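Observations on the three-dimensional arrangement
Next come the chains, spelled out residue by residue.
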Amino acid sequence: MKDLNEIRAEIDSVDKELVSLYEKRMALTEQVADYKLSTGKKVFDKAREEEKLEKVTSMVDDPFLKRGTRELFEHLMSMSRKRQYQKLAEKGIMEPIPFEEVAALPDKNIRIVYQGEEGAYSQMAMQQFFHDTTNSYHVQTWRDAMEAIAKGEADYAVLPIENSSAGIVSENYDLLVEYDNCIVGEQIIPIDHCLLGTKGSKLSDIEQVYSHPQALMQCGRYLDEHRNWEKHSFKNTAMAAKKVKEDGLLRQAAIASRLTADIYRLDILDEHIQDNSNNCTKFVIVTGRKIFLKNAGKISICFEIPHESGSLYHMLSHFIFNDLNMNKIESRPLGERNWEYRFFIDFEGNLNESAVKNALHGIKEEAENFKILGNY
């Protein structure tokens, strides 16, 4: 039997050969890239790659090594494509990204829309982001807000996108895909829920509680302590408070902000009732124009991929090879295709950066239904 050091020496020798062969293969990739540049041929040729993978795996009999061979060559071809995308960028041949850089968001004579009633958390987010919100109005649903942007009836919409306790607002993720609007900013605000009742009501009177489904989730432990209360979902926390005020029934209460108690003249029956004392909600600012700030530092995208082994890995590798930091990934089911998903990704970067352009170009080439949701 060989000594361990002898075996390691042989492995080192093989590794040296592998590195040399890798360098040779990548040099040939450069020639392929030059040819594709001169002919306008696309970098990603799925049929050609699958043919190549079938050929190399047929050279191996052992099932474990066969799988490893395929994985090795998938990775080699992925790196080859990324180098070709870089060469496209160097030659200035990449398709331009259809977003316009602006020094500041237009804020003169603008109209802002938010969902809910006066006192909604969306209104608070709007006030913190824009400061001057004299020309704003509210609508009943998030879809109404997106529709107002699409029709040019408003310049900006404010939509909740994620809560630190209850997670994403899935409907708004889907609306960002459906509408050709884009994110230009975000605002995070603390969410401090109160239990609000009509004047003179007491905790012992309460039988029914109204609020938005996310607010009910965020106060789950508190509501578990009052299992006899009937919980009712409402479109908005402020709308729930308005209902309690209009009905005027001692048995009804709403989960909403302290501000709504003042607006609708309700009593605060309990406060700080959310499960998480650091409860926050992230809101996005959406517009109909494809613009981004010069100093924007976060990009949101979405795409679909083939329902095949390794598909997501190859998409994410574009961030790795371009040294980009991905800080969020979510998935949403595709309604028309059971058990298949659309992926939403946030990563650090600006649309002017070459690394970002390389990554986005590669993902667009290899994914299905790719969309840039915004740079903000």
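Higher on the page you've got the structure.
Residues numbered from 1 in each chain as written. Predicted model: local features only at pLDDT ≥ 70, side-chain atom pairs only at ≥ 80, totals over all residues. Heavy atoms only, no water.

**What about the overall build of the protein?**
Within the protein, the secondary structure is distributed over twelve helices and 17 strands. Over its C-alpha atoms the protein spans a radius of gyration of 27 Å, topping by over 25% the 21 Å that the globule rule assigns to 376 residues. Principal-axis analysis of the C-alpha atoms gives the protein an extent of 85 × 55 × 40 Å. Per-residue burial over the protein gives 48% buried out of 376 residues. In the protein, once contacts between residues fewer than 6 apart in sequence are set aside, the share between residues at least 24 apart is 76%. Here the protein has roughly 19700 Å² of accessible surface; of this, 50% comes from carbon and sulfur atoms. The positive charge centre, built from 48 side chains, and the negative charge centre, built from 61, are 3 Å apart in the protein. (Helix = DSSP H or I, 4+ residues; strand = E, 2+ residues; numbered from the N terminus. Rg over C-alpha atoms; globule rule 2.2 N^0.38 Å. Buried < 20%, exposed > 50% of the residue type's maximum accessible area, 1.4 Å probe, protein only. Contact = heavy atoms within 4.5 Å. Areas by Shrake-Rupley, 256 points an atom, 1.4 Å probe, with all protein chains shown as cover. Lys, Arg positive; Asp, Glu negative; His and termini not counted. Charge placed at Lys NZ, Arg CZ, Asp CG, Glu CD.)

**Looking at the environment of P333**
Structurally, the position occupied by P333 is in strand 15 (residues 326–333). Note: C-alpha distance between P333 and D174 (159 residues apart in sequence) is 9.7 Å. When near neighbours in sequence (up to four residues on either side) are disregarded, P333 contacts E340 and Y341.

**A look at empty space enclosed by the protein**
Summed over all chains, the structure comprises two cavities of 30 Å³ or more. There is about 220 Å³ of room inside the largest cavity. If you go around the largest cavity, you meet 17 residues; those closest to its centre are Y121, P160, H212, Q214 and T237. Of all the secondary structure elements, the ones that give two or more residues to the lining of the largest cavity are helix 4 (121–130), helix 7 (213–218) and strand 12 (280–287). The element contributing the most residues to the lining of the largest cavity is helix 7, with three residues. Classifying every residue of the lining of the largest cavity gives seven nonpolar, nine polar and one charged. Quantified by volume, the second largest cavity comes out at close to 150 Å³. Taken together, 17 residues make up the lining of the second largest cavity; nearest its centre are I161, Y173, S300, D346 and Y376. (1 Å grid on protein atoms, 1.4 Å probe; cavity = no way out; pocket = protein on both sides within 12 Å on 5 of 7 lines; lining within 4 Å. Points joined across faces, edges and corners; volume = space filled by probe spheres on them. Nonpolar A, V, L, I, M, F, W, Y, C, P; charged D, E, K, R; others polar.)

**Focus: the pattern of salt bridges**
What the rule picks out here adds up to 28 salt bridges. In this structure, the salt-bridge partner of R143 is E178, at a minimum N-O distance of 2.7 Å. With R143 in helix 5 (residues 142–150) and E178 in helix 6 (residues 170–178), the pair connects residues that are 35 residues apart, well separated along the chain. Judged by its relative accessible area of 36%, R143 is partly exposed. Overall, the relative accessible area of 48% leaves E178 in the partly exposed class. Notably, a salt bridge pairs D205 with K202, separated by 3.7 Å at the nearest N-O pair. Through salt bridges with shared partners, a single ionic network connects E304, R337, E340, R342 and E368. (Salt bridge = Lys/Arg side-chain N within 4 Å of Asp/Glu carboxyl O.)

Such coordinate-based values are descriptive only and should not be taken to indicate function.
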